[in-house]
Amino acid sequence: MPTEIPIPVQAQASAHFDAEAATEAYLAAIPAEARGRSDAYFEGGYWLILWDFVIGVMASVLLLGTRWSAGMRNLAERVTRFKPVHTFVYWCEYLLVTSVLTFPMAVYEGFLRERKYGLATQTFGPWMNDQFKGLLVNAVLGGIIAMLLFGVARKLPRTWWIWGAMVTMAFLIFVVLIAPVYLVPIFNKVSILSDPKITEPILRLARANGIPARDVYQIDASKQTTRMSANVSGFGNTMRITLNDNLLRRGSPEEIQSVMGHEMGHYVLHHIYKSMLFFLVVTVMGFALLRWSLDWSLARWGERWQIRGIGDTAILPLVVLLGSIFFFVLTPILNTYTRTQEYEADMYGLNASRQPDGFARAAIHLGEYRKMSPGAVEEWIFFDHPSGRNRIYAGMRWKAENLELFMGKPEAPTGAGGKDGRK
Ligand SMILES: [Zn+2]
């Protein structure tokens, strides 16, 4: 994939400019081989959603059916009777056993497949090192939420599900708050961007949009991947915009501006706060269904699996199993929620940055790991961002309606195919 993608003739501002033709011209600029590869990569991801789900279900059924889970609980009880510590010990056992069971899939999905498609930059050693760090983070954070939730279930056996949803939500907000400052740096180096050639246009864009940003952050994502990306993370005081070094290295200034406009859209449109509200609804629904389905399953198989009740840690594989069914079924809804926000951020970003061609070229770069032209149903189910085609079209539609910004002079002669005078 070329780093610098020229603006196709049909996408250059002219009196005959047509958004549809401009979109087709951009798509045609992608080499067929590159397109075939990213289609195969992304479509393979659809199957992975299914296989991950199936493997997770099998692991849970195995732990319950063989009573390993009950055995792990007994072992944890031998370590300590002090309930929170007992829960933490069980959690560590659970994490270890499930990590071993799903390890082959994790290697394929996270390492072999990424390398096969040229998206990974790590060798096996550093990749394993990251996995190990992830496991430790999971042990600590997962251990905390497990202790809290089992504590709630033991103290409030009738209303645990509603309090459990509240505790989960509060914990989620806490994790979002600390992530940029304490979690991300465990895996990557985050620094403040200092090159004024890059930061000045970005900060100008921020000020023009009423964003009180002083700093823009960069992350050394190239340590793990070739993917270009940027994000808004954090909450309150820790909220920040971060660009990854692949974008800084491979993206043109116009692309970087268009991506920043998009990220500012997330910020100005309060997407993090709205997502939290959305997840509050999802969490309460999930816990209500969990209460009902746990009671139902325990009545049937509780004795056979040697689970004593809601407050017994041995129930965890069942909770994970029911939760994974819930989220598997919800896949299109969650994707559509995210994709809708992404589309809003796209619209904001185009208006703010006025870089429709930078935006189109960023869409092509992002198309290295995302199918460019899916069907409508396919996009609805699987895409958590608008497809590349839809993003390019959105950019070209914006350009068509703002052609005067791009024509050399307002009275440019017909058919001059004016130079793309970006500002
Ligand atoms: Zn976004």
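Data block above holds the structure.
**Q** Before we go on, may I ask you to explain the coordination of the zinc ion in this structure?
**A** Ideal geometry at a metal centre gives angles of 109.5 degrees when four donors are arranged tetrahedrally and 90 or 180 degrees when six donors are arranged octahedrally. At the metal site, the zinc ion is ligated by H262 (NE2), H266 (NE2) and E342 (OE), and these contacts range over 2.0 to 2.1 Å. Of note, the donors binding the zinc ion are all from one chain and are spaced H-x3-H-x75-E. Of this pair, H262 and H266 both sit in helix α9 (residues 253-268), 4 residues apart, which is roughly one turn of the helix. The same class applies to H262 as to H266, namely buried.

**Q** Is there a simple way to explain the packing of aromatic side chains in this structure?
**A** To describe a pair of aromatic rings, one takes the distance between the centres and the angle between the planes. Scanning all chains against the criterion turns up 19 aromatic pairs. Taking 6.3 Å as the distance between ring centres and 25° as the angle between the ring planes, the aromatic pair formed by W47 and W51 counts as stacked. Here W47 pairs with W51, and both are found in helix α2 (residues 32-65), just 4 residues apart, close to one helical turn. Given a relative accessible area of 53%, W47 falls into the exposed group. On the basis of relative accessible area, W51 is assigned to the partly exposed category, the value being 43%. Aromatic pair F278 and Y337: ring centres 3.8 Å apart, planes at 0°, arrangement stacked. Of this pair, F278 sits in helix α10 (residues 271-301) while Y337 is found in helix α11 (residues 316-353), placing the two residues 59 residues apart along the sequence. Taken as a pair, F278 and Y337 share a single burial class, namely buried. Through a chain of ring-to-ring contacts, the aromatic side chains of F42, Y46, F382 and F383 assemble into a single cluster.

**Q** Help me out: how do you make sense of the pairing of strand β3 (residues 230-233) in this one?
**A** Relative to strand β4 (residues 240-244), β3 runs antiparallel, the two sharing 4 bridges. Bridge pairing in β4 places S233 opposite R240. Counted along the chain from β3 to the antiparallel partner β4, the turn is 6 residues long, and its residue G234 has a positive phi close to 90°.

**Q** What should I look at first to understand the pairing of β4 in this one?
**A** Consecutive side chains along a regular strand alternate between the two faces of the sheet. Across the 5 residues that make up β4, a large majority, 5, are buried. As paired strands, strand β2 (residues 217-219) and β4 are joined by 3 bridges and run parallel to one another. By the bridge assignment for β4, Y217 is matched with T242.

Calculation criteria
- Residues numbered from 1 in each chain as written.
- Predicted model: local features only at pLDDT ≥ 70, side-chain atom pairs only at ≥ 80, totals over all residues.
- Heavy atoms only, no water.
- Donors = N, O, S within 2.8 Å, 3.2 Å for Na, K, Ca; no water.
- Helix = DSSP H or I, 4+ residues; strand = E, 2+ residues; numbered from the N terminus.
- Buried < 20%, exposed > 50% of the residue type's maximum accessible area, 1.4 Å probe, protein only.
- Phe/Tyr/Trp six-rings, centres within 6.5 Å; stacked < 30°, edge-to-face > 60°.
- Pairing = 2+ DSSP bridges.

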